[in-house]
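# Commentary on secondary and tertiary structure
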Amino acid sequence: MPRISTPSKIAGTQSYGAEVIFSGSTSVEREAVVAEVQARTGAILVPPYDDFNIICGQGTTALEMHAQYLDAVKEEPKLSVHNKAGGAGLDAVITPIGGGGLNSGVATFFSDKETKVFGAEPNFEGADDCRRGLDTGQRVEIVKTLTIADGLRTPVGVLNWEIISDKKKVVGAFSVSEEQIKAAMRLVLERMKVVVEPSAVVGLAVCLYNEEFRRLVEKEAPEGWDIGIVFSGGNTTVEAIGKLFSS
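This section reports on the structure supplied with the text. (Residues numbered from 1 in each chain as written. Predicted model: local features only at pLDDT ≥ 70, side-chain atom pairs only at ≥ 80, totals over all residues. Heavy atoms only, no water.)

Turning our eyes to something else, we now look at a nonpolar patch on the surface. A surface patch of nonpolar side chains, amounting to about 270 Å² of accessible area, comprises I4, F124 and L146. Residue classification places L146 among the exposed residues on the basis of a relative accessible area of 52%. (Patch = residues over 30% accessible without salt bridge, like charges linked within 9 Å, V, L, I, M, F, W, Y side chains within 5 Å. Areas by Shrake-Rupley, 256 points an atom, 1.4 Å probe, with all protein chains shown as cover. Salt bridge = Lys/Arg side-chain N within 4 Å of Asp/Glu carboxyl O. Buried < 20%, exposed > 50% of the residue type's maximum accessible area, 1.4 Å probe, protein only.)

Shown next, in the form of structure tokens:
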């Protein structure tokens, strides 16, 4: 883990009996430590995102979300802006993007449906590498950022990029500021009573504050979309939350 990882994440991992080996915070530094550990111990790496099996596993998030949505609107049609029970599915889904495992998995599941898939990133110090890469048509290989959304500080993986850069699977990616992430996090903590880390709420922040995204929705559907927002990450502590909102 990066040395700057959340203390609760480190302690929680150690509580399961694991040995935590520390590295720098960039993907290049982490990969160097991984190579050293593998050479020394013969360990087998379970990739965090850049692997077909990992992508498929994380994509089951979409399967669950799709089923939950259909059940919810069947029971209470007014939950949908379309006011119809048993509809075809969500109009759109947005997930955080770090390495891209979650987003590419979700996009793979929805690729044979009408649901549009989007990605969300922080923009602090170039953390929005996916958005920038989609704009230029080329994957960004290195990211160096200390965004508060620390789970999203990595560049999109090679296999993940193949999926995310396919317009038929992922419509696009949008980014938000640190203050917008904090505002979305506050809303979730205070109104939903759900403990989340900053990385988890970037999708919500995009829906609430990114004007480009909001204009897109208004243009395509004046009545709005039924949109699923994936919250991914609860690695935080009371102390970390207090520090975040005291600054």
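Taken as a whole and assessed by the stated rule, the structure comprises 6 aromatic pairs. Taking 6.0 Å as the distance between ring centres and 50 degrees as the angle between the ring planes, the aromatic pair formed by F118 and F174 counts as tilted. Here F118, found in strand β2 (residues 116–122), pairs with F174, found in strand β3 (residues 172–176); they are 56 residues apart in sequence, far enough to count as distant. Neither residue differs from the other here; F118 and F174 are each classed as buried. With 6.2 Å between their ring centres and 70 degrees between their planes, F213 and W225 make a pair best called edge-to-face. Of this pair, F213 sits in helix α9 (residues 211–220) while W225 sits in the loop between α9 and β4 (227–229), placing them 12 residues apart in sequence. Each member of the pair, F213 together with W225, is buried. An aromatic cluster of at least three residues, connected via ring pairs, comprises F118, F174, F213 and W225. A cation over a ring is seen here: K113 above F109, with NZ or CZ 4.2 Å from the ring centre. (Phe/Tyr/Trp six-rings, centres within 6.5 Å; stacked < 30°, edge-to-face > 60°. Helix = DSSP H or I, 4+ residues; strand = E, 2+ residues; numbered from the N terminus. Lys NZ or Arg CZ within 6 Å of the ring centre and 35° of its normal.)

Among the nonpolar cores identified, the biggest contains 26 residues, and F118, V201, V202, V206, F213 and W225 are the most heavily contacted of them. Broken down by secondary-structure element, the contributors of at least two residues to this core are β1 (92–96), β2, β3, α7 (178–192), α8 (202–209), α9 and α10 (238–246). Excluding anything up to four places from it in sequence, V202 contacts P96, A120, E121, P122, A149, L152, V176 and I181. Core analysis: the next-biggest nonpolar cluster, separate from the first, contains 22 residues, L90, F110, V117 and I164 among them. (Core = buried A, V, L, I, M, F, W, Y, C linked by side-chain atoms within 4.5 Å. Contact = heavy atoms within 4.5 Å.)

So, to be careful, I would describe these as geometric facts and stop short of saying anything about function.
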